[in-house]
Amino acid sequence: MKLQQSSTEPEKGNSLANMSSSERLNLREIMKEMEAREWIKRYRKKMMEEGRGEAQYWWQQVLEDIAKRRGQPAADDLRNRMNTQKEKK
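Residues numbered from 1 in each chain as written. Predicted model: local features only at pLDDT ≥ 70, side-chain atom pairs only at ≥ 80, totals over all residues. Heavy atoms only, no water.

### A few points about the nonpolar core
Heads up, the rule is: Here, the term nonpolar core denotes a set of buried Ala, Val, Leu, Ile, Met, Phe, Trp, Tyr and Cys residues that are joined through side-chain atoms within 4.5 Å. Remark: exposure states derive from per-residue accessible area (1.4 Å probe, protein chains only) relative to the maximum for the residue type, with buried under 20%, exposed over 50%, and partly exposed in between. Secondary structure elements follow DSSP: runs of H or I of four or more residues count as helices, runs of E of two or more count as strands, with numbering from the N terminus.
In terms of nonpolar packing, the biggest core is built from 13 residues, with Trp39, Trp59, Val62, Ile66, Ala75, Leu78 and Met82 touching the most fellow members. Listed by contribution, the elements that provide at least two residues to this core are helix 1 (21-50), helix 2 (52-70) and helix 3 (72-88). At 6 residues, the largest contribution of residues to this core is made by helix 2.

Rendered as structure tokens:
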């Protein structure tokens with residue numbers, strides 16, 4: 001005979017509310033690393049399509065937009081993570 005879970009018991013999901021502080025910090029780091037890799041891909045694609053000069057100009061505009069929305073420390077952190085990712089390869 002199977003026991004059924006009561007419908008009044010909450011299901012434990014993988015939501016942020018159910019994660020510990022260290023799990024949330026780890027997830028945040030992973031997301032920042034993934035974002036850096038994604039921007040590297042976008043930059044390389046732009047460089048292939050439009051050339052190095054246009055790609056650099058575009059990237060400066062992107063960094064300025066990020067600094068306006070998230071603050072200069074966030075833009076600097078993204079740039080540092082991107083440089084770290086490029087060095088790993």
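That shown, we press on.
### Side note on helix 2
The cut-off we apply is this: The span expected for a helix works out to 1.5 Å for each residue beyond the first. For this quantity, the arc is that covered by the directions from the helix axis to the C-beta atoms. Whether two residues are in contact is decided by their heavy atoms: any pair within 4.5 Å suffices.
For helix 2, which comprises 19 residues, the first-to-last C-alpha distance of 26 Å matches the rise-based estimate of 27 Å (1.5 Å per residue) to within 8%. By the burial criterion, the buried members of helix 2 are Ala55, Trp59, Val62, Leu63, Ile66 and Ala67. Along the long axis of helix 2, the arc covered by the buried residues comes to 135°, so they all point the same way. Of the exposed residues in helix 2, the ones pointing more than 90 degrees away from its buried face are Tyr57 and Lys68. Tucked into the core, helix 2 has its buried residues touching helix 1 and helix 3. Just downstream of helix 2, glycine 71 is the residue with a positive phi angle, here 105°.

### Some words on the layout of surface pockets
Note the following rule: Think of a 1 Å grid over the protein atoms and nothing else: a 1.4 Å probe that fits but is trapped marks a cavity, an open set flanked by protein within 12 Å on at least five of seven lines marks a pocket, and residues with an atom within 4 Å of a point count as lining. Grid points are joined across faces, edges and corners, and a volume is the space filled by probe spheres set on the points. Three classes are used, and their members are as follows: Ala, Val, Leu, Ile, Met, Phe, Trp, Tyr, Cys and Pro are nonpolar, Asp, Glu, Lys and Arg are charged, and the others, Gly among them, are polar.
Counted as a void, the largest pocket has a volume near 230 Å³. What lines the largest pocket is Ile40, Tyr43, Arg44, Met47, Gln56, Trp59, Gln60, Arg79, Met82, Asn83 and Lys86. Of all the secondary structure elements, the ones that give two or more residues to the lining of the largest pocket are helix 1, helix 2 and helix 3. Class assignment for the residues of the lining of the largest pocket results in 5 nonpolar, 3 polar and 3 charged.

### Let's talk about the side chain of glutamine 85
We count it as follows: Pairs of N or O atoms are called polar contacts if they sit within 3.5 Å, as long as, within protein, a hydrogen donor faces a hydrogen acceptor (for residues adjacent in sequence, only side-chain-to-side-chain pairs).
Structurally, glutamine 85 is set in helix 3. Looking at glutamine 85, its side chain comes within polar contact range of the side chain of glutamate 33, at 2.6 Å. Not counting chain neighbours up to four residues away, the residues in contact with glutamine 85 comprise Glu33, Ala36, Arg37 and Ile40.

### Comments concerning the confidence of the model for the protein
Just so we agree on the cut-off: As a per-residue measure, pLDDT reflects the predictor's confidence and takes values from 0 up to 100.
With 83% of its residues at a pLDDT of at least 70, the protein reaches an overall mean of 86. Considering each helix and strand of the protein separately, the mean pLDDT is smallest for helix 3, with a value of 91, and largest for helix 2, with 96.

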